[in-house]
Amino acid sequence: MPRVHIPAPARDLTGGEVELELEATSVRRLIGALDERFPGFADRVLEDGELKPGLRVAVDGHVSAMGLLAQLEPGSQVHFLLAIGGG
Amino acid sequence: MAKQRIVSTSINGNPVEFLAAPRQTLLEVLRDNLDLIGTKEGCSNGNCGACTVIFNGRPVDSCLVLAVEAEGGELETIEGVAPTDGLHVIQDAFLGQAALQCGICTPGFIMSTKALLEENASPSEDEIRFHLAGNLCRCTGYDKIVRAVQQAAEGVTN
Amino acid sequence: MATVEDRQFRVEPFPGGTPGNQRLVEEGRLPDYDVVGTRPIRHDGTDKVTGRARYGADIKLSGLLQGYVLRSPHAHARIVSIDTSKAAEVPGVHAVCTNADMPSADHRAGDLGEGIVDWYHLNQNVLANDKVLYTGHAVAAVAADSVHIAEEAARLIEVEYEVLPPVLDVREARGADAPVLNDDVRTDLQPAGETGDTPTNVAKHFHYEKGDVDAGFAAAELVIEREFTTETVHQGYIEPHTATAFWSPDGKITVWTSTQGSFMIRMQVAELLDVPISKVKVVPMEIGGGFGGKIAVYLQPVAAVLSKLSGRPVKLNMDRSNVFDATGPTPGSYMKVKIGVDAEGKITAGEAELLFEAGAFPGSPINPGCMCVFACYDVPNGRIDGYDICVNKPRTNAYRAPGSTHVALATETIVDEICEAQGICPVEFRLKNAVKEGDERVDGVTYPPVGMWETIKAVELSDHWQSPLEGPNRGRGIASGFWFNFGGNSVVAATVNEDGTVSLIEGSTDIGGSRASVAMQLAEILGIAAEDVTPTVVDTDSIGHTDVTGGSRTCHATGLAAIKAAEDIQAQLCQRAAMLWDVESEQVEYGDGATLTGPEGKTISFQEIAGKLTQTGGPVVGRGSVNADKHGGAFGTHIADVEVDPDTGKVQVLRYTVVQDVGTAIHPSYVEGQMQGGAAQGIGWALNEEYHYGDDGRLHNASFLDYRIPTCYDLPDIETIIVEVPNPGHPFGVRGVGEVPIVPPPAAMANAIFRATGVRMRSLPMSPPKVLHELLSSDG
């Protein structure tokens, strides 16, 4: 199962859980599964059905260009990060 | 605006007459009136050297010279540096040593280098750094610029 | 497999460079390329050494008007009224505009790829109509026959202000009594937290936590906690901002400007002027430096509005004081950082509280600051809180590895203090604690293969580190730094010419030689010479969406697009050869030496087949389009030798070496140039540069005379050691190179100053008065 890293500010929803394994084949489905288990999680990361402005999803350490559409493998590691502006 | 005046000068070996208002700097006239856009504006108050031209044999910040002061003078700009059949050794050296990144300061550095090497054909590194301290570059850290001037000095000497 | 510690390395000259340009080589592993790693003359070089290259201010158009922008004299004031009637009557004036001439904007977030922008805030930054939030904030603009007429007319514009108290310091600005700059700002806890409900200057609070921080500190033998401050600094590009625009009667807007990202300018202009992006064409002129400061719009939408009102093209140029007053800068900061180590010198825990100036509107690089503060080291337990705080200074912008330089000052000087206290060599400490593949940052992300350890190894093996530094008041310091780099969207199209050359077009504006490094990657794949590729940067109507030249992304991502375009050309040429030989295209191979081979020993060269395109189906165009996301991170470690004048506090840099993992150096000269230039900027930030504000919020040093960037007389030779730990996310292993070299210098200098004087500097800049003050205080 993919493993998702819960950002520190959202751990109030997960009872302090930092990392979870959840059955999901895409980031969108993963968020759905998280929200089912921890109601309110989707509101923290989504706005109008899309990732909140500036929020990014990293899969296996790389910020995915696909966002919600990124596909997940059984061992994928998922992080929620903010976009980083370079110089 | 105040009345314009005719200014007679020599630019890159050619006699040039232009009209200038008393308030106009040489930099403004070179760029806006004479289309010599190779001379760059970085600060307009004599602190960056991007607008360096050679005026009567000496490097000057053209933003600090009033255009009317050029009357009767001899000016050399970046447009006059390369011979018709190629590049000047200084220009070759800047390319070969990768002594430019964005390139906006490069014409000014080349003019200052030309003035230096005309005065001192084999400067030490310290002399090069002292002479070029009026030209700011924000991209390179100056290392490769100094190498280019050293290479150019060898080319001038040989 | 051998562990990294068992591998054998040496430092040797990088071929084609000067003796100060070196590389770290691992025994038995040398890259083998034909074009990559060589030093061809850059394609745009001749234009730039002869003055023919055209930068933003060099555009000439028929009927061109010149503009002037009226700016606020106050740091914080409400605009009561603006009366432009007298200006409009001046002979030679063709248009006057204020914010009222732009479409109104609402609070919507725009995603610029690398970050977000609130369109209302950007609208207000371009031309204020509600409040001015810093001296130099634009309030109105005039277009006239000459810039002098425009300036005289602009001075007749009457603006009535209700002056408000300014707040300039982040600690004051977050206090409950501080004047609030933007009444729409609420504290947004991120990532994935909740948003506050009261107006505040604290726009964002980032919170990261890993492991058991309290237990980590409890397990430490030594815990050091220190406070640091840095001042507001500017990117300091030599070319001021400039924009020329023409709003055609058919509704199309053309903008000629120097920018790091023409497509980002297109998006911002279209959004602020409420027109579709297809109605905006941005023509990128050569750009005279940016470093992160030429991504946001300032003049472009204003020039367009003036053009619409006048029916003529309008050019707006900033002067240098405008650039300092109203663009850039990068934030000043307050930081409190704590690190614990065990008896063996292994880090057990880290904690950081970071306050960054956002400037007038939210958006400081506080988040990358949070993510970089412990990024160089394996920190098992960590807690990081970062705050983005509005103050009455210009809206801050990215500056080379934004946020990372600040935090490196804190972490790297504490690390040095730990080494001093525990009697550990700073190289040994870093080798022991350096992050490696698989290590997890405090934000939870694990590292792909990275070269932090290798940069320390290169320091250890360097002539600089091994040469003793002698003499009074002299000291040597080292410091490391991290930057993420970026991938993003890039498009390349490459046309094969009949003479066997390739014309390459790209959307990445070329700040520091990227045309050459992109062309070289295409040449490497095709097996042709770099000189046989002609790269051109084209406008937004001529190529696909390409993200900014920033984030150290161009050589990586646009390079990837060039590689894809080259592979596309190879595939098409194989089909053409198959047609010529009457075989299947699968039977043709594009091999080394730019030769295509088929069955029965058939061969044809790239040059030959390029001449046979017309009879085999027409011209061949290769396409490469990527949204790259495997850019790999970059680490650097610097060595600084300084001498401190005990009478004046002046710090002289005696010797300086930049060591950096670049993945693979495509054009080593321009890689070295990035390393040297970044270091020079970092040295300026360390020793001299700062915005001086009066209590009234006015900037007192808006010139290159008073905001003093390093000259060549201030700096020594800057030696380089290129480390090449290939990035698995790029066929040649390219990481970004441009940003991380600015990160270590302030900390390296502070550590060197300590070794020279016994004084710890924790406040930038380490200018003569401040160093002298510390010297005198420590004596007393």
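Residues numbered from 1 in each chain as written. Chains lettered and ligands numbered in written order. Predicted model: local features only at pLDDT ≥ 70, side-chain atom pairs only at ≥ 80, totals over all residues. Heavy atoms only, no water.

Q: Residues and numbers for the side chain of C:Thr50, please.
A: Relative to the assigned elements, C:Thr50 resides in the loop between α1 (45–49) and β3 (65–71). A relative accessible area of 12% means that C:Thr50 is categorised as buried. Of note is the side chain of C:Thr50, whose polar atom sits 2.7 Å from the backbone oxygen of C:Thr46. Filtering out sequence-adjacent residues up to four positions away, C:Thr50 remains in contact with B:Ile78, B:Glu79, B:Leu87 and B:Gln91. (Helix = DSSP H or I, 4+ residues; strand = E, 2+ residues; numbered from the N terminus. Buried < 20%, exposed > 50% of the residue type's maximum accessible area, 1.4 Å probe, protein only. Polar contact = N/O pair within 3.5 Å; in protein donor to acceptor, adjacent residues only side chain to side chain. Contact = heavy atoms within 4.5 Å.)

Q: So, the packing of aromatic side chains: which residues are in play, and what are the values?
A: All names here are of chain C. Counted according to the given criterion, the structure contains 17 aromatic pairs over all chains. For the pair Tyr-691 and Tyr-707, a centre-to-centre distance of 5.9 Å together with 90° between the ring planes defines the contact as edge-to-face. Here Tyr-691, found in the loop between α18 (668–687) and β31 (718–723), pairs with Tyr-707, found in the loop between α18 and β31; they are 16 residues apart in sequence, far enough to count as distant. What makes Tyr-691 buried here is its relative accessible area of 3%. When the ring centre of Tyr-387 is taken as reference, the NZ or CZ atom of Arg-174 above it lies at 5.1 Å. Over the ring of Trp-247 we find Lys-308, and its NZ or CZ is 4.5 Å from the ring centre. (Phe/Tyr/Trp six-rings, centres within 6.5 Å; stacked < 30°, edge-to-face > 60°. Lys NZ or Arg CZ within 6 Å of the ring centre and 35° of its normal.)

Q: Describe helix α11 (residues 404–422) of chain C, listing the residues and the values that go with them.
A: Residue and element names in this part refer to chain C. The end-to-end C-alpha separation of α11 is 26 Å, in line with the 27 Å expected for 19 residues at 1.5 Å each. Counting buried positions over the 19 residues of α11 gives 17, a clear majority of the element. The first or second residue beyond α11 is Gly-423, which carries a positive phi of 70°. (Expected span 1.5 Å × (residues − 1).)

Q: Summarise the interface of chain B and chain C; cite the residues concerned and give the values.
A: Facing the 50 residues of chain B at the interface are 57 residues of chain C. Of the roughly 4,400 Å² buried at the junction of chain B and chain C (both faces included), carbon and sulfur atoms supply 57%. Contact with chain C buries area across many residues of chain B, yet B:Leu95, B:Gln101 and B:Arg138 alone supply 19% of it, more than any other trio. For C:Glu672, the salt bridge goes to B:Lys144, with nearest N and O atoms at 2.7 Å. The interface formed by chain B and chain C contains 30 residue pairs in polar contact (both at pLDDT 80 or more). Breaking the side of chain B that touches chain C down by element, the ones donating at least two residues are α1 (26–33), α2 (89–96), α3 (106–119), α4 (125–131) and α5 (143–157) of chain B. (Buried area = accessible area lost by both parts, 1.4 Å probe. Salt bridge = Lys/Arg side-chain N within 4 Å of Asp/Glu carboxyl O.)

Q: An account of the sheet that holds strand β2 (residues 19–21) of chain A is requested, with residue identities and associated values reported.
A: All names here are of chain A. If you trace the five strands from one edge of the open sheet to the other, you get β2-β1-β7-β5-β6, paired in mixed fashion. Where the open sheet ends on each side, the last strands, each with one partner, are β2 and β6 (62–63). Both strand β1 (residues 3–5) and strand β7 (residues 77–82) contribute to a ladder of two bridges, which runs parallel. The residue bridging Arg-3 from the neighbouring strand is Gln-77, located in β7. (Pairing = 2+ DSSP bridges.)

Q: Could you give me a rundown of the sheet that holds strand β25 (residues 589–591) of chain C, with the residues and numbers involved?
A: All names here are of chain C. Spatially, β25-β26-β27 is the arrangement adopted by the three strands of the open sheet, whose pairing is antiparallel. At either margin of the open sheet sits one strand with a lone partner, and together these are β25 and β27 (603–605). Adjacent strand axes in the sheet meet at a mean angle of 30°, parallel and antiparallel pairs treated alike. Examined bridge by bridge, β25 and strand β26 (residues 595–597) share three bridges and lie antiparallel to one another. Among the inter-strand pairings, Glu-589 is bridged to a residue of β26, identified as Thr-597. (Axes fitted to C-alpha atoms, helices over the stretch in contact; angles between N-to-C directions.)

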